[in-house]
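Working through the structure, step by step
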Amino acid sequence: MTTIIRKSMLSVAGLAFAGGVFAGPIAAHANPVDAKPAAAAVQTSAPKPQGDQSHISLNGEQTANVKAIIAATKKAGLPERAAVISIATSLQESKLENLGHLGDRNDHDSLGLFQQRPSSGWGTPEQITDPAYSTTAFLKGLKQVDGWQDMPLTEAAQTVQVSAYPDAYAQWEQQATDLVGQYWNS
């Protein structure tokens, strides 16, 4: 947990801005999210996440996807902050549900936890709907962002996802941080 707090403090203190956005897929956002305050334990040394926070209750599938994201992050040799960014991104994109094609409600050909698009080079539909593969693909993009460790979560996620709603990721930072704290060492 100390690493999360330290990295979060660096992200707020650094406020680094990536000079450019590398090419990547445009993420899907079919429906806006109702913002609800997160019920979280107060940590006096932790920085306050950006903006109002949202929170959802997770079912077994969503919890399994959290654990898959954390496992892929560890396998990639990346720190807890990368898992926080990944989980917050997936919370925004799919509510941690491994979404298949949604018919008329689908934004282009977006699939999986991160709403990645086969037509944008993220992988095949089968690969994108595999939580380990999709997380690894997201993390590969994150590692290409100079200074991602020190920038605000929403900037890091947006640089990878290139979303039409660039500030939407920030609302999930507290829940993602709490989930990583809960499952990182389990």
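You'll find the structure just up there.
Below, the structure is looked at part by part. (Residues numbered from 1 in each chain as written. Predicted model: local features only at pLDDT ≥ 70, side-chain atom pairs only at ≥ 80, totals over all residues. Heavy atoms only, no water.)

It is at 9 Å that the axes of helix H2 (residues 60–75) and helix H5 (residues 131–143) come closest, and there the two elements cross at 50°. It follows from the interaxial angle that H2 and H5 lie oblique. As H2 packs across H5, the resulting crossing turns out to be right-handed. Contact with H2, carried on its side by Asn65, Ala68, Ile69, Ala72 and Thr73, involves Pro131, Ala132, Thr135, Thr136 and Leu139 of H5 and no other residues of that element. Broken down by class, the residue content of the contact of H2 with H5 amounts to 6 nonpolar, 4 polar and no charged. (Axes fitted to C-alpha atoms, helices over the stretch in contact; angles between N-to-C directions. Helix = DSSP H or I, 4+ residues; strand = E, 2+ residues; numbered from the N terminus. Parallel < 35°, antiparallel > 145°, perpendicular 65-115°, else oblique. Left-handed = near helix turned anticlockwise from the far one by under 90°. Contact = heavy atoms within 4.5 Å. Nonpolar A, V, L, I, M, F, W, Y, C, P; charged D, E, K, R; others polar.)

We now examine unusual backbone geometry. Glycine aside, negative phi is the norm for most residues, and most peptide bonds take the trans geometry. Unusually for a residue other than glycine, Gln115 sits at a positive phi of about 50°. Of the residues examined, Gln115 reaches a relative accessible area of 5% and is grouped as buried. Unlike most non-glycine residues, Val162 shows phi in positive territory, near 50°. With respect to the helices, strands and loops of the structure, Val162 is situated in the loop between helix H6 (153–161) and helix H7 (173–183). (Buried < 20%, exposed > 50% of the residue type's maximum accessible area, 1.4 Å probe, protein only.)

Take the packing of aromatic side chains next. A full pass over the atoms with the stated rule returns 1 aromatic pair. Relative to Phe138, the ring of Phe114 has its centre 4.9 Å away and its plane inclined at 10°; by these criteria the two rings are stacked. Taken together, the residues Phe114 in the loop between helix H3 (80–94) and helix H4 (125–128) and Phe138 in helix H5 connect sequence positions 24 residues apart. An identical accessibility class is assigned to Phe114 and Phe138; each is buried. For the cation-ring pair, Lys74 lies above Trp184, with the distance from its terminal atom to the ring centre recorded as 5.0 Å. (Phe/Tyr/Trp six-rings, centres within 6.5 Å; stacked < 30°, edge-to-face > 60°. Lys NZ or Arg CZ within 6 Å of the ring centre and 35° of its normal.)

This part takes up H2. For H2, which comprises 16 residues, the first-to-last C-alpha distance of 22 Å matches the rise-based estimate of 22 Å (1.5 Å per residue) to within 8%. When H2 is considered as a whole, its buried residues turn out to be Gln62, Thr63, Asn65, Val66, Ile69, Ile70, Ala72 and Thr73. In this fold, the buried residues of H2 make contact with H3, H5 and H7. Looking at where H2 begins, the residue whose side-chain oxygen comes 3.0 Å from the main-chain nitrogen of Glu61 is Asn59. Gly77 occupies a position one or two residues after H2 and carries a positive phi of about 75°. (Expected span 1.5 Å × (residues − 1). Polar contact = N/O pair within 3.5 Å; in protein donor to acceptor, adjacent residues only side chain to side chain.)

So, about the environment of Trp172. Looking at the element boundaries, Trp172 is found in the loop between H6 and H7. Spatially, the C-alpha atom of Trp172 lies 9.2 Å from that of Ser90, the residues being 82 residues apart in sequence.

By the element assignment, Thr135 lies in helix H5. The class of Thr135 is buried, set by a relative accessible area of 0%. A polar side-chain atom of Thr135 sits 2.8 Å from the main-chain carbonyl oxygen of Pro131. Leave out the neighbours within four places in its chain, and Thr135 touches Ile69, Ala72, Thr73 and Phe114.

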